[in-house]
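For reference, the chains in residue letters:
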Number of protein chains: 2
Amino acid sequence: MTAPRDGIAALAAQMAAHGTERDAPVRAVMALLGDRWTTLILLVLGMGAWRHAELKRVLAQLSAEQAISQRVLTLKLRTLERDGFVARSVTGDVPPRVSYTLTALGQGLLAQAQGLIGWIQEQSGPIRAARARFDADA
Amino acid sequence: MTAPRDGIAALAAQMAAHGTERDAPVRAVMALLGDRWTTLILLVLGMGAWRHAELKRVLAQLSAEQAISQRVLTLKLRTLERDGFVARSVTGDVPPRVSYTLTALGQGLLAQAQGLIGWIQEQSGPIRAARARFDADA
DNA sequence: CCGCATCCTAGGCGATACTG
DNA sequence: CAGTATCGCCTAGGATGCGG
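Thresholds applied
- Residues numbered from 1 in each chain as written.
- Chains lettered and ligands numbered in written order.
- Predicted model: local features only at pLDDT ≥ 70, side-chain atom pairs only at ≥ 80, totals over all residues.
- Heavy atoms only, no water.
- 1 Å grid on protein atoms, 1.4 Å probe; cavity = no way out; pocket = protein on both sides within 12 Å on 5 of 7 lines; lining within 4 Å.
- Points joined across faces, edges and corners; volume = space filled by probe spheres on them.
- Helix = DSSP H or I, 4+ residues; strand = E, 2+ residues; numbered from the N terminus.
- Axes fitted to C-alpha atoms, helices over the stretch in contact; angles between N-to-C directions.
- Parallel < 35°, antiparallel > 145°, perpendicular 65-115°, else oblique.
- Left-handed = near helix turned anticlockwise from the far one by under 90°.
- Contact = heavy atoms within 4.5 Å.
- Pairing = 2+ DSSP bridges.
- Core = buried A, V, L, I, M, F, W, Y, C linked by side-chain atoms within 4.5 Å.
- Buried < 20%, exposed > 50% of the residue type's maximum accessible area, 1.4 Å probe, protein only.
- Salt bridge = Lys/Arg side-chain N within 4 Å of Asp/Glu carboxyl O.
- Near = heavy atom within 4 Å.
- Polar contact = N/O pair within 3.5 Å; in protein donor to acceptor, adjacent residues only side chain to side chain.
- Nonpolar A, V, L, I, M, F, W, Y, C, P; charged D, E, K, R; others polar.

Student: Any details on empty space enclosed by the protein? Residues and values, ideally.
Tutor: Think of a ball as big as a water molecule: rolled over the atoms, this probe shows where empty space is left. One pass over the structure, following the stated rule, counts one cavity of 30 Å³ or more. Within this model, the largest cavity holds a volume of roughly 30 Å³. What lines the largest cavity is A:Met30, A:Leu33, A:Leu116, B:Met30, B:Leu33, B:Gly34 and B:Leu116. For the lining of the largest cavity, the secondary structure elements donating two or more residues are α2 (25-34) of chain A together with α2 (25-34) of chain B.

Encoded structure:
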């Protein structure tokens, strides 16, 4: 045991907060931010309201690489809606006219994501350097 | 188009920052925080230095549910080491005696993770409420 | 004690085709 | 246009056994 064991209680509390069930908010939301598309969707929705197809197009353009599939876009939007981060409003039946916006909660999440992105970007020099060092000894 | 299109440039910059390649630091690190174990490992390493087997045991105890497999623990530690977040030091050959600690960079990452966890936890009430509402209309 | 190799399963994601 | 259904891939992660 090389680590100080005082503070185990505090640690345990934090780990419990992180969530032992897979769908506990903390774990679920962190998984969202870490997945392939959610953060990008939040960034785009941060600019205002978008309809499904537009959102798909913009994501394709701006993220370059390959487009998000319609299935996954719907899936991610559903998840975000369920957790209260985006609002979905329908006007028109055939053809459907659905638009998505961030809720206040969603704007808070976006802010968190942007903070994180900012920090990582500031550290990307050191990170790349560490990788280069590590890969060199291989 | 329901969204304001001014600011597309700024958006594009942010999305580029987020990374178009899968291993760009921003995307990679956010994926790390979102995965099953990395954040928990950071929390534990935040308390000091740990040897591999101890770390495995503590994770098992504190996260309750099932233990991390040895394979994955090694894998995650390698990734964190490669990116410069943890330092690995070996003393002794057979049996090996390996201990892991956070680097300064890793402590920074831990702080980010804790900030995020804190925010999500504060919002977990509204999130759960939103879920309940959503699931009710199903 | 630590790490690697092997095998296996669950889930994320993409592609396509179909309805209202 | 929005959503669903079906399929197939690929990767994260678990279990076990070996070697240094």
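Once the structure has been displayed, the description carries forward.
Student: How would you sum up the packing of helix α6 (residues 104-122) of chain A against α2(B)? Please name residues and give values.
Tutor: Contact geometry of α6(A) with α2(B) gives a least axis separation of 9 Å together with a crossing angle of 120°. Taken together, the axes of α6(A) and α2(B) are oblique relative to one another. In this structure, α6(A) crosses over α2(B), and the sense of that crossing is right-handed. Contacts between α6(A) and α2(B) pair A:Leu116, A:Ile117, A:Ile120 and A:Gln121 from the former with B:Pro25, B:Val26, B:Val29, B:Met30 and B:Leu33 from the latter.

Student: Any chance you could break down the sheet that holds strand β1 (residues 50-51) of chain A for me, citing the residues and the numbers?
Tutor: All names here are of chain A. Read from one edge to the other, the open sheet built from three strands follows the order β1-β3-β2, with strand pairing classed as antiparallel. Two strands in the sheet have a free side with no partner beyond their single neighbour: β1 and β2 (86-90). Here helix α3 (residues 38-45) sits on the sheet and contacts β1, β2 and β3 (98-102); the angle it forms with β3, its principal contact strand, is near 90°.

Student: Can you tell me about the nonpolar core, naming the residues and giving the values?
Tutor: Within the largest apolar cluster, 78 residues are counted, with the highest numbers of intra-cluster contacts made by A:Leu59 and B:Leu59. If near-sequence neighbours (up to four positions away) are discounted, B:Leu59 is found in contact with A:Met15, B:Trp37, B:Leu40, B:Ile41, B:Val44, B:Ala64, B:Ile68 and B:Leu73.

Student: How would you summarise the pattern of salt bridges if you had to cite specific residues and measurements?
Tutor: Throughout the structure, instances matching the rule amount to eight salt bridges over all chains. For A:Asp35, the salt bridge identified is with A:Lys76, shortest N-O distance 2.8 Å. Of the two residues, A:Asp35 sits in the loop between α2 and α3 while A:Lys76 sits in helix α5 (residues 70-82), which places them 41 residues apart along the sequence. Here B:Arg82 makes a salt bridge to A:Asp135, at a shortest N to O gap of 2.4 Å. Placement of the pair is B:Arg82 in helix α5 (residues 70-82) and A:Asp135 in helix α7 (residues 124-136), with the two residues belonging to separate chains.

Student: Which residues make up the protein's contact with DNA strand C, and what values go with them?
Tutor: Lining the immediate environment of DNA strand C, one finds 22 residues, of which A:Arg71, A:Lys76, B:Ala53, B:Arg88 and B:Pro96 sit closest. Each atom of DNA strand C within 4 Å of the protein was classed as base or backbone; sugar and phosphate made up 57%. Within the side chain of B:Arg51, a nitrogen or oxygen atom sits 3.1 Å from a phosphate oxygen of DNA strand C. A distance of 2.7 Å separates a phosphate oxygen of DNA strand C from a polar side-chain atom of B:His52. Counting only elements with at least two residues in the surface near DNA strand C, the list comes to α5 of chain A together with α4 (52-62), α5 and β3 (98-102) of chain B. Across the surface near DNA strand C, the residue classes break down as eight nonpolar, six polar and eight charged.

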